[in-house]
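The residues making up each chain are set out below.
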Amino acid sequence: MTKRWLSERKQEKYYKLAKKYDYRSRASFKLIQMDDRFGIFEDGNSVVDLGASPGGWLQVAKERVGDGKVVGVDLRPIKPIDGVITIIGDITAEETMKELLEKLGGKADVVLSDMAPNIGGHYSTDHARSIHLCTYAIDVADRVLKKDGIMVIKVFMGDMFPTIREEMEKRFHIVKVHEPDASRSTSSEVYVLGGGFKGIRPKKITEPAEEEKKAEFSVKGELK
Ligand SMILES: C[S@@+](CC[C@H](N)C(=O)[O-])C[C@H]1O[C@@H](n2cnc3c(N)ncnc32)[C@H](O)[C@@H]1O
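Residues numbered from 1 in each chain as written. Predicted model: local features only at pLDDT ≥ 70, side-chain atom pairs only at ≥ 80, totals over all residues.

As a further point, take the overall build of the protein chain. Assigned secondary structure in the protein chain consists of 7 helices and 9 strands. Referenced to the eigenvectors of the C-alpha coordinate spread, the extents of the protein chain come out at roughly 70 × 45 × 30 Å. Per-residue burial over the protein chain gives 34% buried out of 224 residues. Considering only contacts in the protein chain between residues 6 or more positions apart, those separated by 24 or more positions represent 58%. (Helix = DSSP H or I, 4+ residues; strand = E, 2+ residues; numbered from the N terminus. Buried ≥ 20, exposed ≤ 12 C-beta atoms within 10 Å, placed from the backbone. Contact = placed C-beta atoms within 7 Å.)

Close to the ligand lie 22 residues, the nearest being Ala27, Gly51, Gly56, Ile91 and Asp114. Residues of the shell around the ligand, tallied by class, amount to 10 nonpolar, 7 polar and 5 charged. (Near = placed C-beta within 6 Å. Nonpolar A, V, L, I, M, F, W, Y, C, P; charged D, E, K, R; others polar.)

Another point: the pairing of strand 1 (residues 47–50). Neither face of strand 1 is left uncovered, since the one carrying Val47 and Asp49 and the one carrying Val48 and Leu50 both have all their residues buried. Pairing of strand 1 with strand 2 (residues 70–74), which is carried by 4 bridges, proceeds in the parallel orientation. Bridged to aspartate 49 within strand 2 is glycine 72. Between strand 1 and its parallel partner strand 2, the chain crosses via helix 3 (residues 56–65), and the hand of that crossover is right-handed. (Pairing = 2+ DSSP bridges. Right-handed = clockwise from strand over helix to strand, strands pointing away.)

Now for the nonpolar core. Nonpolar side chains in soluble globular proteins generally cluster together in the buried interior. Core analysis: the largest hydrophobic core is formed by 49 residues, its most contacted members being Val48, Leu50, Val111, Ala137 and Met151. Per-element tally for this core: the top contributor is strand 5 (residues 145–156), with 7 residues. Apart from residues no more than four positions distant in its own chain, valine 48 is found in contact with Val71, Leu100, Leu104, Ala108, Val111, Leu112, Val140 and Val144. (Core = buried A, V, L, I, M, F, W, Y, C linked by C-beta atoms within 7 Å.)

Everything listed here is a matter of geometry and, on its own, says nothing about what the molecule does.
Below is the structure:
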């Protein structure tokens, strides 16, 4: 039995299950498995789902939070789902972020990101694009997640993976890296789960501006 054969059999299994339970994507089972294992959702939670099209994760989130608010964002349209708010837009654009803040109308208990770049087949480029999307997803969490909230984020494995893990560790008390059974065996994706959001945006180390670099030192805002 080759890895490819096993992967195809697994995909077939989740494809059939998605049809049977009326989920829009096989991806629904990844979220179901992570929620069953780690307890992501609670009744009444507010949830933000980034990279939500066609809506498999939105269906699961809505089922599991009942009357809670669920807001999905994607570049692509999402067919309506009862009780779910959707936004078509690029999350790296400030206007999409603004629309999200408006439609969410408060803070979220859970931020999910299943965002994936268009896979070009060039491993390191796909990885770099995935990392870029992750940094935006983490920025969304910084802006909307409640203290003690939960985040789940998809990352394509590669040499920059430790950066994302570190960024998650700065913000969450508990960080776990997980590969749900419903992920393809041949895929390089993993999910990083953060629990217990600290609610503080970690300070960034910034490069000084050019004129500051030339100055010897600064006293109360004045450069010497
Ligand atoms: C694997 S699919 C998500 C599947 C979804 N979780 C589901 O269960 O149906 C990844 C999605 O990320 C979206 N995406 C990629 N870059 C994005 C961006 N900058 N802003 C918003 N969505 C993005 C893609 O359009 C794509 O629909």
